[in-house]
Amino acid sequence: MAQTMTKTTTWFEIPAKDFKRAVSFYETLYDTTFEKTTMGGNPYALFPGSGEGPGGAVTEWPGFEPAEPGTGLVLYLFAGDKIDEMIGRVEKAGGRISTPKTFINDKYGHYSTIVDTEGNRIALHQPGYE
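Residues numbered from 1 in each chain as written. Predicted model: local features only at pLDDT ≥ 70, side-chain atom pairs only at ≥ 80, totals over all residues. Heavy atoms only, no water.

A. Structural context of the nonpolar core. Counting 24 residues, the largest nonpolar core has Tyr26, Leu29, Phe47, Val58, Leu77 and Leu124 as the members making the most contacts within it. When residues of this core are traced back to their parent elements, those giving at least two are β1 (11–15), α1 (19–30), β5 (75–78), α2 (83–90) and β8 (121–126). Sort the elements by how many residues they give to this core and α1 lands first, with 6 residues. (Core = buried A, V, L, I, M, F, W, Y, C linked by side-chain atoms within 4.5 Å. Buried < 20%, exposed > 50% of the residue type's maximum accessible area, 1.4 Å probe, protein only. Helix = DSSP H or I, 4+ residues; strand = E, 2+ residues; numbered from the N terminus.)

B. Just the sheet that holds strand β2 (residues 35–39), in detail. A sheet is described by the order of its strands in space; here 4 strands give the open sequence β1-β4-β3-β2, paired in mixed fashion. Taken across any chain shown, the strands that pair with only one partner, and hence form the sheet edges, are β1 and β2. Across this sheet, the average inter-strand angle for adjacent strands is 35°, counted without regard to direction. Relative to strand β4 (residues 55–59), strand β3 (residues 42–46) runs antiparallel, the two sharing 3 bridges. Across the sheet, the residue bridging to leucine 46 is alanine 57, located in β4. Together, β1, β2, β3 and β4 form the strand contacts of α1, whose direction differs from that of β4 by roughly 140°. (Pairing = 2+ DSSP bridges. Axes fitted to C-alpha atoms, helices over the stretch in contact; angles between N-to-C directions. Contact = heavy atoms within 4.5 Å.)

C. Spatial organisation of the pairing of β8. Here β5 pairs with β8 via 4 bridges, running parallel. Residue pairing for β8: leucine 77 is matched across the bridge by leucine 124.

D. Region of the structure containing α1. Its 12 residues give α1 an end-to-end C-alpha distance of 16 Å, which sits within 8% of 16 Å, the value for a rise of 1.5 Å per residue. When α1 is considered as a whole, its buried residues turn out to be Phe19, Ala22, Val23, Phe25, Tyr26, Glu27 and Leu29. Sitting at the head of α1, aspartate 18 places a side-chain oxygen 3.3 Å from the backbone nitrogen of lysine 20. Where α1 terminates, the next one or two residues include aspartate 31, which has phi positive at roughly 55°. (Expected span 1.5 Å × (residues − 1). Polar contact = N/O pair within 3.5 Å; in protein donor to acceptor, adjacent residues only side chain to side chain.)

Structure below.
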């Protein structure tokens, strides 16, 4: 029996060169402690809410490397109404802001692109309220 596609994202993984450093960055960004576990013998730190819908983790395992800066996909992480606070924690956590908070439109809200401690390009997203 064929499954009907009702969502396009089920899980994401952000590669780390230095697991502890990367986890510290995202815990600072979200101002929370991530649940740590292992899968297939590799360390994983789960993003908040990973059990409630599409989830994800920071992980480090052989052959799983961040893309070269400025290349690869861009993952948009939900920031909700905390986007300004999160942007304010990026540099403190060791990352850098590559695009400041930018208005998209009323429907899609705002975003900011950042580079984490591992060189991954990530976007923070505050949805619109149209």
